[in-house]
Amino acid sequence: MGSRVLPAVFATFYAVVFAVLLFVPYVAREYRRRGELGAWTAVLRFAALLYLCGLVDYVLSPLPPITPGFCRFVGEMRPQWEPLRSFRGVRPPDDWDGVVALLAHEPVQQFALNIALFVPLGILVRRLLRRGVLVVGAIGFATSLLIELTQLTGVWGVYPCPYRLFDVDDLIANTSGAVLGRFAAPALHD
């Protein structure tokens, strides 16, 4: 399996295990609070659990082994602080072939995937917590910042140096994705 599919498989497994372990307490809580178990709410909460497991798995994996000379092996990871630096040198398309070439450009794909990764967060925060665009944007930014700081600190000191790049463009893309998800949430009806 590819490096982009395997974390999803693990995240699904973890989410199902957590859902089974938390099922009885969840049902008891819902009956105590609402007097019923709403199927749509249960589906949304499982989606949130699956999303959280996937986010953690995609952020941390693959976990490289710590070997002698680890920091020399992964290279020096310096944070990228300049907004939209990855788009430097990218030209706007002149025609359809230019659009296709633009979409095939690695920085464009990376930015789009970071946006797509946080759209579900915006939808879930809107649907489960009933929050507006400012709160959704703040939660998206805070979640993205936590991820980037995890990468910057080498998983909070577990690794002697960072093995993934802290990039301010990821903060921009992820926050934008959460806000887009918030606007897409009303399309999902109860």
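Residues numbered from 1 in each chain as written. Predicted model: local features only at pLDDT ≥ 70, side-chain atom pairs only at ≥ 80, totals over all residues. Heavy atoms only, no water.

Concerning the environment of Y51
Among the structural elements, Y51 can be located in helix α2 (residues 39–60). Note on Y51: relative accessible area 13%, which makes it buried. Each C-alpha atom of the pair Y51 and W40 lies 16 Å from the other, and the pair is 11 residues apart in sequence. Dropping the residues within four chain positions of it, Y51 is found in contact with L117, F118, P120, L121 and L124. Of note is the side chain of Y51, whose polar atom sits 2.8 Å from the backbone oxygen of L117. (Helix = DSSP H or I, 4+ residues; strand = E, 2+ residues; numbered from the N terminus. Buried < 20%, exposed > 50% of the residue type's maximum accessible area, 1.4 Å probe, protein only. Contact = heavy atoms within 4.5 Å. Polar contact = N/O pair within 3.5 Å; in protein donor to acceptor, adjacent residues only side chain to side chain.)

So, the nonpolar core
One finds L44, Y51, L55, V59, F118, L121, L124, V125, V136, I147 and A178 forming the largest nonpolar core, which totals 11 residues. Formed by 5 residues, the second largest nonpolar core is a distinct cluster that contains F70, Y159, C161 and Y163. (Core = buried A, V, L, I, M, F, W, Y, C linked by side-chain atoms within 4.5 Å.)

A few points about the state of the cysteines
Inspection of every chain in the model, using the stated rule, returns 1 disulfide. A sulfur-sulfur separation of 2.3 Å characterises the disulfide bridge that pairs C71 with C161. Classification of the bridge connecting C71 and C161 rests on its S-S torsion, roughly -120 degrees, and on that basis the disulfide is left-handed. With C71 in helix α3 (residues 70–74) and C161 in the loop between α7 (154–157) and α8 (168–184), this residue pair connects regions lying 90 residues apart in the sequence. Here C71 falls in the partly exposed class, since its relative accessible area comes to 32%. (Disulfide = S-S within 2.5 Å.)

Topic: helix α5 (residues 106–129)
With 24 residues, α5 extends 35 Å between its outermost C-alpha atoms, agreeing within 8% with the 34 Å of an ideal straight helix rising 1.5 Å per residue. Residues of α5 that are buried include every one of P107, V108, F111, N114, I115, F118, L121, G122, I123, L124, V125 and R127, and no others. With its phi angle positive at about 55 degrees, R130 sits one or two positions after the end of α5. (Expected span 1.5 Å × (residues − 1).)

Describing the pattern of salt bridges
Pairing between side chains of opposite charge can happen when the charged atoms of each approach one another. According to the stated counting rule, one finds 3 salt bridges in the structure shown. Among the ionic pairs, E30 bridges to R29, the shortest N-O distance being 3.4 Å. Several salt bridges share partner residues, and in doing so they unite R29, E30, R34 and R45 into one network. (Salt bridge = Lys/Arg side-chain N within 4 Å of Asp/Glu carboxyl O.)

Some details on the confidence of the model for the chain
On average, residues of the chain carry a pLDDT of 86, and 91% of them reach 70 or more. Predicted confidence in the chain is weakest over helix α4 (residues 96–104), with a mean pLDDT of 68, and strongest over α8, with 95. (pLDDT = per-residue confidence, 0-100.)

Focus on a nonpolar patch on the surface
On the surface, a cluster of nonpolar side chains totalling about 900 Å² of accessible area is made up of V5, L6, V9, F10, F13, Y14, V17, F18, L21 and L22. Checked against the element boundaries, L21 lands in helix α1 (residues 6–34). (Patch = residues over 30% accessible without salt bridge, like charges linked within 9 Å, V, L, I, M, F, W, Y side chains within 5 Å. Areas by Shrake-Rupley, 256 points an atom, 1.4 Å probe, with all protein chains shown as cover.)

Quick look at unusual backbone geometry
With phi around 60 degrees, L84 is a residue other than glycine that occupies positive phi space. The class of L84 is partly exposed, set by a relative accessible area of 42%. With a phi close to 55 degrees, W156 is a non-glycine residue in the positive phi region. Judged by its relative accessible area of 52%, W156 is exposed.

Description of the packing of aromatic side chains
This model, assessed by the stated rule, comprises 5 aromatic pairs. The interplanar angle of 45 degrees and the centroid separation of 4.7 Å between the aromatic rings of W81 and F166 together place this pair among those described as tilted. Note that W81 is positioned in the loop between α3 and α4 and F166 in the loop between α7 and α8, a separation of 85 residues in sequence. Chaining the aromatic ring pairs together yields one cluster made of F10, F13 and Y14. (Phe/Tyr/Trp six-rings, centres within 6.5 Å; stacked < 30°, edge-to-face > 60°.)

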